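# An overview of the molecular structure
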Amino acid sequence: MWRKSDFMYELPDELIARFPLAERSAARLLLARAVSVDEVALADRMVRDLPDLLEPDDLLVFNNTRVLPARLFGQKESGGRVEILLERLKSAHEANAYVRASKSPKVGGVIRIGSAELRVTGRHEALFALYSETPWAELLAAQGEMPIPPYLERAALESDKQRYQTVFAKHSGAVAAPTAGLHFDEALLAAIRLRGVKMAEVTLHVGAGTFQPVRHENLAEHIMHEEWLQVGQDVVDAVAACRARGGRVVAIGTTSLRALESAAEGGELAPFSGDTNLFITPGYRFRVVDALLTNFHLPESTLLMLVSAFAGYANIRAAYQHAIAARYRFFSYGDAMFLPTRLDV
């Protein structure tokens, strides 16, 4: 039985990357090749070296979600300050959100955001259902801030509008960035194309639940938050072609991996559009993804559990120990790790 505490590690505060580097592809890259369940070969590289680590037969799969300016500040009818972080847009006028205030708003209450009014229409555990007469897209464009992660412990800057967004972002709906994709700039993408590597795109709208802690020590009791995804027939065909030519399916980030594996839960990869609450822990049998590019994740997080399932628990612990000793930068704006082989154990 896997426990939450199995995925704890100590990280010096100064290794949290609170700001992005000047250049996206200037981040460091830890190459962690799993040799066995308890042996991993480690090498210090740079993200811009990635084309040299790929083969022309490989297929890179990116998450093309676009981050919404999903953090809002307003006032309750009493005058109390309110901070809102959208979790998901349900329609043009309806959304689920986390609401921070000295006293939680009641169902039927009104929150004012500038000249707009939000009505609290329901509540389920930590999430509030909010209705806005002003279309959410219009309200967010006028009043929203980029929802940078809470552990950055700073206010969002104007520069975050560009840097907390991938260069290939297309479909709006995420409230957190697919952070492995933040390392790619046009020069790196061009170098990958020049290498002959194929690319495909899925969409998974990353929810604020990605930052919610695992509350149960027994992982079997944890219920994963839901996120909406879409995997098209073009991706299914691209994966089949990659398999036929003997290449690897390389997920750029855990969200791309979850999208692909969710679309294959029926046994094989098929087009899919809808919600997933797939929770990947050690022992999971991967059906689609062969290699993974990912950032370094928070202690006891579901994402750390996922990468431990992919490359082996002991191997990931060794890789993280190396990254800390070598002063890698951690989390959303931090450095990256490339796992070129998976272990299904």
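Residues numbered from 1 in each chain as written. Predicted model: local features only at pLDDT ≥ 70, side-chain atom pairs only at ≥ 80, totals over all residues. Heavy atoms only, no water.

The chain appears in an unreviewed UniProt entry as S-adenosylmethionine:tRNA ribosyltransferase-isomerase from Cardiobacterium hominis. Note on the chain: under the UniProt heading Function (unreviewed entry), the record states "Transfers and isomerizes the ribose moiety from AdoMet to the 7-aminomethyl group of 7-deazaguanine (preQ1-tRNA) to give epoxyqueuosine (oQ-tRNA)." Regarding the chain, the relevant UniProt record gives this comment under Catalytic activity (unreviewed entry): "7-aminomethyl-7-carbaguanosine(34) in tRNA + S-adenosyl-L-methionine = epoxyqueuosine(34) in tRNA + adenine + L-methionine + 2 H(+)". (UniProt positions renumbered as here; feature names shortened; annotations may be inferred.)

### Comments concerning the overall build of the chain
Along its length, the chain carries 8 helices and 17 strands. Computed over the C-alpha atoms, the radius of gyration of the chain is 20 Å, within 12% of the 20 Å expected from 2.2 N^0.38 for a compact globule of 345 residues. Its C-alpha atoms put the chain at 60 × 40 × 40 Å along the principal axes. A burial count over the chain gives 55% of its 345 residues as buried. About 14,900 Å² of surface is accessible on the chain, with carbon and sulfur atoms providing 50% of the total. (Helix = DSSP H or I, 4+ residues; strand = E, 2+ residues; numbered from the N terminus. Rg over C-alpha atoms; globule rule 2.2 N^0.38 Å. Buried < 20%, exposed > 50% of the residue type's maximum accessible area, 1.4 Å probe, protein only. Areas by Shrake-Rupley, 256 points an atom, 1.4 Å probe, with all protein chains shown as cover.)

### Looking at the pairing of strand E5 (residues 71-76)
Regular strands place side chains that alternate from one sheet face to the opposite one. Two strands pair when backbone bridges link them, and E5 and strand E6 (residues 81-89) are joined in this way by 5 bridges, in the antiparallel orientation. Across the sheet, Gly-74 pairs through a bridge with Val-82, a residue of E6. Between E5 and E6, which pair antiparallel and follow one another directly, the connecting turn spans 4 residues, one of which, Gly-79, has a positive phi of 100 degrees. (Pairing = 2+ DSSP bridges.)

### Structural notes on the environment of Glu-217
Its location among the elements puts Glu-217 in the loop between strand E12 (198-204) and strand E13 (227-231). A relative accessible area of 35% places Glu-217 in the partly exposed class. C-alpha separation for the pair Glu-217 and Trp-2, spaced 215 residues apart in sequence, amounts to 8.4 Å. Residue contacts for Glu-217: discarding those within four places in its chain leaves Trp-2, Arg-3, Lys-4 and Ser-5. (Contact = heavy atoms within 4.5 Å.)

### Digging into the sheet that holds strand E9 (residues 116-124)
Taken together, the 6 strands give a closed barrel; going around it, the order is E5-E6-E7-E10-E9-E8, and neighbouring strands pair in antiparallel fashion. Recorded for the sheet is a direction-independent mean angle of 45 degrees between the axes of neighbouring strands. Relative to strand E10 (residues 127-132), strand E7 (residues 94-101) runs antiparallel, the two sharing 4 bridges. The residue of E10 that forms the bridge with Ala-95 is Leu-130. Sitting on the sheet, helix H2 (residues 136-143) is in contact with E5, E6, E7, strand E8 (110-113), E9 and E10, with an inclination near 95 degrees to E5. (Axes fitted to C-alpha atoms, helices over the stretch in contact; angles between N-to-C directions.)

### What about the pattern of salt bridges?
Scanning the model with the defined rule gives 18 salt bridges in all. Here Glu-201 makes a salt bridge to Lys-170, at a shortest N to O gap of 2.9 Å. Of the two residues, Glu-201 is situated in strand E12 and Lys-170 in the loop between helix H3 (160-163) and strand E11 (171-174); the sequence distance between them amounts to 31 residues. Judged by its relative accessible area of 27%, Glu-201 is partly exposed. (Salt bridge = Lys/Arg side-chain N within 4 Å of Asp/Glu carboxyl O.)

### So, the packing of aromatic side chains
Summed over all chains, the structure comprises 16 aromatic pairs. Between the aromatic rings of Tyr-9 and Phe-330, the centroid separation amounts to 6.2 Å while the plane-to-plane angle is 45 degrees, which identifies the pairing as tilted. Residue Tyr-9 is found in the segment before strand E1 (28-36), and its partner Phe-330 is found in the loop between helix H8 (313-325) and strand E17 (336-339); the two are separated by 321 residues along the sequence. Each member of the pair, Tyr-9 together with Phe-330, is buried. Ring geometry for Phe-286 versus Phe-310: centroids 5.2 Å apart, planes at 80 degrees, classification edge-to-face. Placement of Phe-286 in the loop between strand E15 (272-276) and strand E16 (291-295) and of Phe-310 in helix H7 (residues 302-311) is noted, with a sequence separation of 24 residues between them. Looking at Phe-310, the relative accessible area reads 0%, which means it is buried. Following the ring pairs from residue to residue traces out a cluster consisting of Tyr-9, Tyr-151, Phe-296, Tyr-320, Tyr-328, Phe-330 and Phe-331. The residue whose ring lies beneath Arg-28 is Tyr-328, and the NZ or CZ to ring-centre distance is 3.9 Å. (Phe/Tyr/Trp six-rings, centres within 6.5 Å; stacked < 30°, edge-to-face > 60°. Lys NZ or Arg CZ within 6 Å of the ring centre and 35° of its normal.)

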